[in-house]
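Reading the structure
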Amino acid sequence: MKTAVITVLIVWILLSGVAWMLQPKPDDLSKTNLTWLSDDNPTRREQLGLFNRLNPQYNVRLDPVDTNTGGGMEKVIVQSIAGVGPDLFDSYGSYKLATYVKAGIAWDVTDELKNAGIDVKKDAWKLALSSVVYKGRVYGVPSNVGTPAIWFNKDLFDKYKVPYPKNVRTWKEFLPILQRLTIRDEHGRVKQYGFLCDSWMVTQFIWQWGGRTYTPDGTKCVIDSPEAIAGVQFFHDLMYKYHVMPTPNDEAAMATQGGWGSGTMTLFMGGKGAMALGGRYWLCSLRDIKELKLGAIECPYGPHKIYWGSSRVTIINKNSPRRKAALAFLKYLASHDYNELVNHQADCVSPMKAYCYTDKYMHDPDYPNEDFNAVWRDTNDYAMTEEVSPFINAQTAGRIVEKQLDLVRNNQKPATQAMKAAAREVNAEIQKNLDRDPNLRAEYDRLMGTKAK
Amino acid sequence: MKTTRRQRNVVIAAGFLLPNLLGFLVFTAGPVAFSLVMSLSNWNIQHTVPFQWTFLRNFVDLWHDQSFWLYFVNTIYLMLGLPLAIAGSLVLALLLSQNLRGITIYRTLFYLPSITSGIALMILWKALYNPDFGPINAVINWTLQTFHINGILHALFGTSVTPPQWLLATRNLLGLDVEKVGFLPAQWGLGARDAIIIMGIWIAVGGNNMLLYLAALTNLPQELVEAAQLDGAGKWAVFKNVTWPYLAPTTFFIVVMSFIGGLQGGFEQARVMTGGGPAGTTMTMSYYIYTKAFEEFQVGYASAVSWVLFIIIFIVTLINWRLSNKEVNY
Amino acid sequence: MGTTNTRRGFRTWWVRTGRFGMSHVILALIALTTLTPFLWMVLASFKALTEVEQLNPFPSVWHPENYIKVFQQIPFARYYFNSVFIAGWVTILTCITSAMAAYAFSRVDWSGRDGFFKLYLATLMIPGVVTMIPNYTLMVKLHLMDSYLGLIVPASFSAFGTFLLRQFMMTIPPALDEAASIDGANSWRIFWDIILPMSRPGVVTLAIFTFLGNYGSFTWPLIMIKSQHLRTLPIGMLFFDTIYGRQTNLIMAASVMNIIPLVILFVISQKFLVKGIQLGAVKG
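Being a predicted model, the structure only gives us computed values, none of them experimental. (Residues numbered from 1 in each chain as written. Chains lettered and ligands numbered in written order. Predicted model: local features only at pLDDT ≥ 70, side-chain atom pairs only at ≥ 80, totals over all residues. Heavy atoms only, no water.)

**Brief notes about the overall build of chain B**
Across its full length, chain B holds 15 helices and zero strands. Taken over C-alpha atoms, the radius of gyration comes to 25 Å for chain B, far larger than the 20 Å a tight globule of 330 residues would show. By its C-alpha atoms, chain B is 90 × 65 × 35 Å across when sized along the principal axes. Burial analysis of chain B (330 residues in total) assigns 55% to the buried set. Look at the contacts in chain B between residues 6 or more apart in sequence, and 63% of them connect residues 24 or more apart. (Helix = DSSP H or I, 4+ residues; strand = E, 2+ residues; numbered from the N terminus. Rg over C-alpha atoms; globule rule 2.2 N^0.38 Å. Buried < 20%, exposed > 50% of the residue type's maximum accessible area, 1.4 Å probe, protein only. Contact = heavy atoms within 4.5 Å.)

**Thoughts on the domain arrangement of chain C**
All names here are of chain C. Per the domain assignment, the segments of chain C are domain 1 (2–44) and domain 2 (65–281). Each partner contributes residues to the interface: domain 1 has five residues there, and domain 2 has six residues. Where domain 1 abuts domain 2, roughly 440 Å² becomes buried across the two surfaces, and 82% of that area is made up of carbon and sulfur atoms. Inspection of the region where domain 1 meets domain 2 yields zero salt bridges. Partitioning the side of domain 1 that touches domain 2 into residue classes produces five nonpolar, no polar and no charged. (Domains from an automatic or database assignment. Buried area = accessible area lost by both parts, 1.4 Å probe. Salt bridge = Lys/Arg side-chain N within 4 Å of Asp/Glu carboxyl O. Nonpolar A, V, L, I, M, F, W, Y, C, P; charged D, E, K, R; others polar.)

**Things to note about the pairing of strand β7 (residues 149–153) of chain A**
Residues and elements named next belong to chain A. In terms of residue burial, β7 counts as a mostly covered element, since five of its five residues are buried. As paired elements, β7 and strand β10 (residues 273–278) share four bridges and run antiparallel to each other. Directly across from Phe 152, in β10, lies its bridge partner Met 275. Across four bridges, β7 lies against strand β11 (residues 294–297) in antiparallel orientation. (Pairing = 2+ DSSP bridges.)

**Examining the environment of Phe157(C)**
Within the secondary structure, Phe157(C) sits in the loop between α7 (148–152) and α8 (159–170). Spatially, the C-alpha atom of Phe157(C) lies 8.9 Å from that of Cys95(C), the residues being 62 residues apart in sequence. Ignoring sequence-local partners within four residues, the contact set of Phe157(C) consists of Pro19(B), Asn20(B), Gly23(B), Phe24(B), Phe27(B) and Thr97(C).

**Here's the deal with the environment of Lys122(A)**
Locating Lys122(A) in the fold gives a position in helix α6 (residues 120–123). The spatial distance from the C-alpha of Lys122(A) to the C-alpha of Glu173(A) is 36 Å, given a sequence separation of 51 residues.

**Quick notes on the packing of aromatic side chains**
Applying the stated criterion across every chain yields a total of 70 aromatic pairs over all chains. Here the aromatic rings of Phe205(A) and Phe235(A) are separated by 5.3 Å at their centres, their planes lie at 70°, and the arrangement is edge-to-face. Here Phe205(A), found in helix α10 (residues 202–208), pairs with Phe235(A), found in helix α11 (residues 226–240); they are 30 residues apart in sequence, far enough to count as distant. The exposure class assigned to Phe205(A) is buried, which follows from its relative accessible area of 0%. Seen from their ring centres, Phe16(B) and Tyr103(C) are 4.5 Å apart, and the 50° between their planes marks the pair as tilted. With one member in each of two chains, Phe16(B) in helix α1 (residues 5–38) and Tyr103(C) in helix α4 (residues 76–106) form a pair that bridges those chains. You can call Tyr103(C) buried: its relative accessible area is 2%. Cation over ring: Arg166(C) sits above Phe117(C), and NZ or CZ is 4.0 Å from the ring centre. (Phe/Tyr/Trp six-rings, centres within 6.5 Å; stacked < 30°, edge-to-face > 60°. Lys NZ or Arg CZ within 6 Å of the ring centre and 35° of its normal.)

**Some details on the pattern of salt bridges**
Pairs may arise between side chains of opposite charge once their charged atoms sit close together. Evaluated as defined, the whole model comprises 27 salt bridges over all chains. Among the salt bridges present, the one from Arg137(A) reaches Asp111(A), with a minimum N-O distance of 3.7 Å. Of this pair, Arg137(A) sits in strand β5 (residues 137–138) while Asp111(A) is found in helix α5 (residues 110–115), placing the two residues 26 residues apart along the sequence. Overall, the relative accessible area of 41% leaves Asp111(A) in the partly exposed class. Here Lys413(A) ties to Glu179(B) by a salt bridge, and the two come within 2.4 Å at their closest N and O atoms. One end of the pair, Lys413(A), is in the loop between α19 (394–409) and α20 (415–436); the other, Glu179(B), is in the loop between α8 (149–157) and α9 (192–204), on a second chain.

As structure tokens, then:
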């Protein structure tokens with residue numbers, strides 16, 4: 001018994017040695033070592049590799065995070081509090097930026113960038129600014145921007161003898177094409193849908209029909225306006241009235257794996273839909289399927305031409321002892337080399353606008369068939385970004401609204417009632433937050449007061 | 001002053017208890033107290049809201065928090081599988097206690113889900129429940145087609161049945177409403193919660209509870225059974241009058257443990273299989289605490305929820321103890 | 001008299017056979033229900049992705065390379081190592097701390113012992129979620145977030161373990177340590193040389209329980225681990241599922257590899273486990 005205990009103990013002490021050795025390799029001390037928290041994929045590794053080649057005095061390492069879950073933000077905040085945070089991290093949208101700034105983690109680089117001759121406000125896409133500028137100060141450099149448009153599978157159009165879409169402006173004009181490309185099998189089951197669309201894209205429909213989530217000052221949730229409801233209703237009708245788009249149930253049935261977040265892109269790649277609303281970054285995967293003949297057009301719109309734009313932004317950790325050195329990476333993100341690489345990789349489009357207006361962007365010699373790049377550039381001008389209210393946690397609001405949208409998407413509740421319930425709950429939560437925080441209350445009263453005048 | 005041996009021994013005992021008690025103080029007692037203190041504040045990990053003592057505010061908010069009550073109902077609903085699982089364990093134990101050949105093999109097989117339970121099994125069941133390509137619905141579809149069930153149903157009642165959407169459906173066997181605590185007939189059917197219950201039964205039925213029953217049954221004095229049989233009692237009467245009362249302490253233990261486990265449960269299922277959806281129907285109290293603390297960063301509020309859960313568990317256990325002192329004389 | 005006996009005997013035989021036959025049929029059916037999901041998992045792990053969703057039970061072409069692909073796509077070996085390493089340390093520490101505490105609660109006679117023990121046992125009722133958030137903040141403050149220590153230390157103190165071993169040690173005859181103490185052995189010697197070896201079955205049982213529990217531990221690592229190289233199997237599996245969720249065949253291969261050590265451990269240690277479960281349930 002005693003021998004056994006001691007033996008096990010010794011083995012595990014030895015294993016501890018192994019664990020110690022297995023820790024990530026101590027960095028090359030002759031270089032400045034930086035960690036970058038971002039999602040792990042081949043494009044990111046290539047971008048990192050280019051930086052390390054161009055700047056041999058630096059060594060940037062990827063700290064991979066799963067951006068699909070809310071874990072990324074908690075990870076950055078907690079690690080930074082604990083003093084082991086990354087030197088650089090990616091952030092998406094204005095809510096996260098505001099959180100990082102308030103938590104004292106995002107470093108205000110306005111002056112540093114000015115000294116380096118980088119003018120984010122002028123050179124980057126306008127849609128990226130809300131994700132990188134907070135109260136007039138600049139907190140990083142955008143690493144890409146993107147707006148969805150319509151991908152179409154040319155083979156399926158040819159197969160059913162439908163001409164490729166051209167100059168389709170509104171959803172009304174678009175519907176007949178979608179209907180012609182929705183094909184049923186002999187049992188009446190749909191085997192190919194005209195249109196595929198991620199469920200969270202419903203926001204774009206709300207905007208296109210003139211609705212908004214919040215009033216401009218964020219004091220009130222107005223997702224129950226007739227315009228917003230009309231947008232949600234149209235999204236619902238695509239599934240349940242026109243039957244051109246799979247319902248969540250249909251979609252789960254078509255994907256090989258059930259559960260949440262079944263990928264629209266996977267369905268499109270598998271030829272289960274003739275058209276799909278998606279970003280340029282889809283190309284990173286679509287290029288692998290050689291036989292897929294692709295086209296792209298701008299997304300149709302409702303009464304308003306608005307698209308759902310988003311931007312990834314890289315921020316320097318304020319608490320990092322190497323924050324000065326990390327500036328080199330931000331400079332790289334604004335550089336010619338990086339921007340051209342992003343466009344070439346199709347990691348959405350380059351954060352700096354000018355690089356999308358070159359001949360190389362329009363006709364990449366490596367991909368001669370890709371004649372649709374103008375689409376991904378031009379839609380950016382009509383992009384609007386994530387709406388937030390300073391008076392409610394975006395995750396809480398998201399949970400409330402998503403629940404109601406879930407009910408609409410599953411055809412369990414009429415859009416009107418669902419959106420009314422969502423707005424009611426979000427507004428109740430806002431009031432609760434105001435009661436909890438006097439500063440928030442003061443800000444709220446100030447905004448309401450100015451509005452009353 | 002003279003100290004007794006027992007008093008001197010306190011020092012020795014303290015030495016042996018030290019490592020365990022130290023860990024206990026740092027990782028259990030301290031945190032419990034700290035959690036109570038935090039529940040009286042508005043503490044937020046993000047530091048976006050200035051720290052403030054809010055005293056009972058969180059608990060008042062909780063009382064009016066409709067989500068909390070819905071998730072409470074979800075938790076209770078998911079516990080409906082417990083009695084079934086316990087009954088199943090008892091039946092299995094009774095079957096196995098007959099000195100059959102191959103009992104060890106059966107026992108091993110039945111225990112398999114329980115020993116391997118965890119993320120891997122949940123990922124497996126997520127695949128099994130896939131509405132159209134999962135094997136479960138494939139079998140249901142095959143049955144429907146082979147026996148022309150829908151044709152018959154259509155002819156007789158003018159209705160037809162489709163396989164459930166499992167993890168994607170908000171339906172449930174009690175017809176619970178999604179948005180408020182109450183019933184809605186349209187919600188009747190099979191959905192995500194039922195799917196989780198079925199999986200839970202599959203995992204638990206041959207697990208620890210069965211082993212406990214089996215152990216109790218091996219100790220069952222045969223004289224009692226034989227005496228009852230001599231009195232002309234049938235199998236059912238023997239079970240009702242001899243076996244069942246004899247098993248009462250075991251049953252009691254199992255029920256208490258299942259109850260405590262059930263109230264805290266549902267976290268892994270929600271995190272791995274459904275993300276709390278659809279429409280929040282698989283959110284349980286423990287998953288709500290996690291969401292509030294680690295996704296919405298409202299640590300103070302989350303602590304309040306965890307204390308409410310603690311109090312519920314405490315009360316349930318006390319009631320159970322009271323009941324056991326009255327009914328179980330062992 | 002004789003005829004009655006014969007008839008009775010025949011009846012008993014018939015009833016026994018018939019009933020046992022029925023029992024076997026029922027048991028076999030239940031065993032089949034238990035096994036089917038496992039079989040599906042194993043078979044799906046050898047299928048091509050396109051075949052996973054089809055009803056045919058056996059793959060038309062066997063793809064053992066699915067298992068290799070798992071190692072190529074995620075650092076699965078690393079996850080294995082982390083899980084075994086962490087669970088191992090927790091097991092060692094839990095056994096030591098629990099055995100010492102159990103000794104104090106069972107073999108040392110001190111004033112206030114039984115009252116204190118009851119109080120100690122009552123802490124078993126505290127739900128894990130109550131201590132989860134404070135422990136998390138404690139780990140952040142101690143800078144143990146995202147480290148092996150932060151995963152090992154908080155899990156290494158178990159009231160349940162103390163209880164289980166106390167039950168065991170109570171059954172050891174008191175004459176043994178009395179004799180030793182007359183021979184002049186101190187408490188530590190008695191514990192280390194006599195009581196610990198005698199409670200071997202208890203310690204082994206506790207070790208198996210602790211190892212199993214921590215090998216599959218999910219919630220605590222989920223909130224503690226931020227770096228890829230520290231991920232344990234359950235966390236790694238979760239990320240594998242969310243990122244590569246559409247590759248059902250590979251996910252199933254990973255699941256099979258995840259549970260194989262558990263099955264082996266169970267088959268080896270069945271006797272201890274069954275005993276331990278029964279012992280842990282006896283009220284103290």
